[in-house]
Amino acid sequence: MQTLVFIVTTLFQLYIFVLLLRVWMQCVRADFYNPFSQFVVKATQPIVGPLRRLIPSVGSIDTATLLVAFVLSIADIIFGMWATNMLPAIGLTLLPMALILLLTYIGKLIFWMILIRAILSWVSQGRNPVDYLLFQLTEPLMAPIRRIIPAMGGLDFSAMIVMFILIALNYLRVDVSLMIDPSLTAMLFSIGIM
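Just so you know, these numbers come straight off a predicted model, no measurement behind them.

Caption draft 1: Region of the structure containing the UniProt feature "transmembrane region" (unreviewed entry) in the chain. Under the feature "transmembrane region" (unreviewed entry), the UniProt entry names residues 6-25, 61-83, 89-115 and 148-172. Along residues 61-83 the backbone is 91% helical and 0% strand, and the end-to-end C-alpha distance reaches 34 Å. The distance separating the terminal C-alpha atoms of residues 148-172 is 24 Å; by composition the span is 64% helix and 0% strand.

Caption draft 2: Molecular detail of the confidence of the model for the chain. The pLDDT averaged across the chain works out to 87; a share of 94% of its residues lies at or above 70. Within the chain, helix H7 (residues 182-190) has the poorest average pLDDT of any element, 74, and helix H2 (residues 35-54) the best, 92.

Caption draft 3: Inspection of unusual backbone geometry at higher detail. Notably, Arg 29 is not glycine yet its phi reads approximately 55 degrees, a positive angle. By secondary structure assignment, the location of Arg 29 is in the loop between helix H1 (2-27) and H2. Overall, Arg 29 belongs to the exposed group, its relative accessible area being 67%.

Caption draft 4: Structural view of the packing of aromatic side chains. All chains considered together, the criterion is met by five aromatic pairs. When the ring of Phe 36 is compared with that of Phe 39, the centres are 5.8 Å apart and the planes differ by 40 degrees; the resulting orientation is tilted. Of this pair, Phe 36 and Phe 39 both sit in helix H2, three residues apart, which is roughly one turn of that helix. Judged by relative accessible area, which is 31%, Phe 36 ranks as partly exposed. Judged by its relative accessible area of 45%, Phe 39 is partly exposed. Taken together, a centroid distance of 5.9 Å and an interplanar angle of 90 degrees make the contact between Phe 111 and Trp 112 edge-to-face. A residue is classified by how much of its surface remains accessible, and Phe 111, at 24% relative accessible area, is partly exposed.

Caption draft 5: Highlighting the environment of Pro 150. Tracing the backbone through its elements, the reader meets Pro 150 in the loop between helix H5 (129-148) and helix H6 (158-180). Classification of Pro 150 by relative accessible area gives partly exposed; the value is 48%. Taking C-alpha positions, Pro 150 is 33 Å from Val 40, a pair spaced 110 residues apart along the chain.

Caption draft 6: Spatial organisation of the packing of helix H4 (residues 94-123) against H5. In contact at an axis separation of 9 Å, H4 and H5 are set at 110 degrees when each is read in the N-to-C sense. Between H4 and H5, the angle falls in the class roughly perpendicular. Every pair of crossing elements has a handedness; the one defined by H4 and H5 is left-handed. Seen from H4, the contacting residues are Ile 110, Met 113, Ile 114, Ile 116, Arg 117 and Leu 120; seen from H5, they are Val 130, Asp 131, Leu 134, Phe 135, Leu 137, Thr 138, Glu 139, Leu 141, Met 142 and Arg 146. A class-by-class count of the residues in the contact of H4 with H5 yields 11 nonpolar, one polar and four charged.

Caption draft 7: Focus on the pattern of salt bridges. All chains considered together, the criterion is met by five salt bridges. Arg 22 serves as the salt-bridge partner of Asp 62, at 3.8 Å between the closest nitrogen and oxygen. Taken together, the positions of Asp 62 in the loop between H2 and helix H3 (63-83) and Arg 22 in helix H1 put the pair 40 residues apart, joining distant regions of the chain. What makes Arg 22 buried here is its relative accessible area of 2%. The residue Arg 52 makes a salt bridge to Asp 62 at a minimum N-O spacing of 3.6 Å. Residue Arg 52 is located in helix H2, and its partner Asp 62 is located in the loop between H2 and H3; the two are separated by 10 residues in the primary sequence. Overall, Asp 62 belongs to the buried group, its relative accessible area being 1%. One network of salt bridges, with partners in common, ties together Arg 117, Glu 139, Arg 146 and Asp 156.

The rules behind the values
- Residues numbered from 1 in each chain as written.
- Predicted model: local features only at pLDDT ≥ 70, side-chain atom pairs only at ≥ 80, totals over all residues.
- Heavy atoms only, no water.
- UniProt positions renumbered as here; feature names shortened; annotations may be inferred.
- Helix = DSSP H or I, 4+ residues; strand = E, 2+ residues; numbered from the N terminus.
- pLDDT = per-residue confidence, 0-100.
- Buried < 20%, exposed > 50% of the residue type's maximum accessible area, 1.4 Å probe, protein only.
- Phe/Tyr/Trp six-rings, centres within 6.5 Å; stacked < 30°, edge-to-face > 60°.
- Axes fitted to C-alpha atoms, helices over the stretch in contact; angles between N-to-C directions.
- Parallel < 35°, antiparallel > 145°, perpendicular 65-115°, else oblique.
- Left-handed = near helix turned anticlockwise from the far one by under 90°.
- Contact = heavy atoms within 4.5 Å.
- Nonpolar A, V, L, I, M, F, W, Y, C, P; charged D, E, K, R; others polar.
- Salt bridge = Lys/Arg side-chain N within 4 Å of Asp/Glu carboxyl O.

Following this line, the structure appears as C-alpha cells:
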C-alpha cells in the first residue's frame, strides 16, 4: 500500500507543480512561445481550459488554475488518508491544511526553479530555452534582494538568500500546521504528503 500511496501522491504533486508553474508563468508574463511553456500549457489546458470560461482571472492571477491546484491538494490529502485507513481523522481542518499544502508546493516549486537555474547557469550558460524561462520565472524574486545585497567579488548571493527565506517559511509552515491540527499534521508527515 505504501508504494501505491507514493506513486499516486507523487503524481498529484507533479501535476500541482505544473499547474502552479502555469499560474506563475502568467503572473510574470513569461515567454509563451518557449517550448517548455508550451508543454505546461498543453499539459494543463484540458482541465483548466473549460474552467477559465467560468472563473475569471483576478488581475494577472489565473484563479481557475489555482482552484484546480487547491482541489488537487484536497484530493491528495484525502487519498493519502484513505490509503492509510485514517480517513475519519479528517474534519474541519481539511481546508486550512490543503491551503498550507498548496503554499508548501509553491515554496517547493520556487526552491527547485532557483536550484535548477543555478545548475543550468554552470552548464548551459544561457543557451538553453529552459534556462531563459527559469530566468524569467525566478528573477522577480531575486532582483529585489540583489538591489539590497549586490554581488560581491563576482558572487551573487540572491539565490541563497531566497532559498534561506523559503527554508525559514517551511519551518513556519510546520509550526502553523501543528497549531491547526497536530494529529492530522503528524499523519500527513507520516505518509509523506507534507
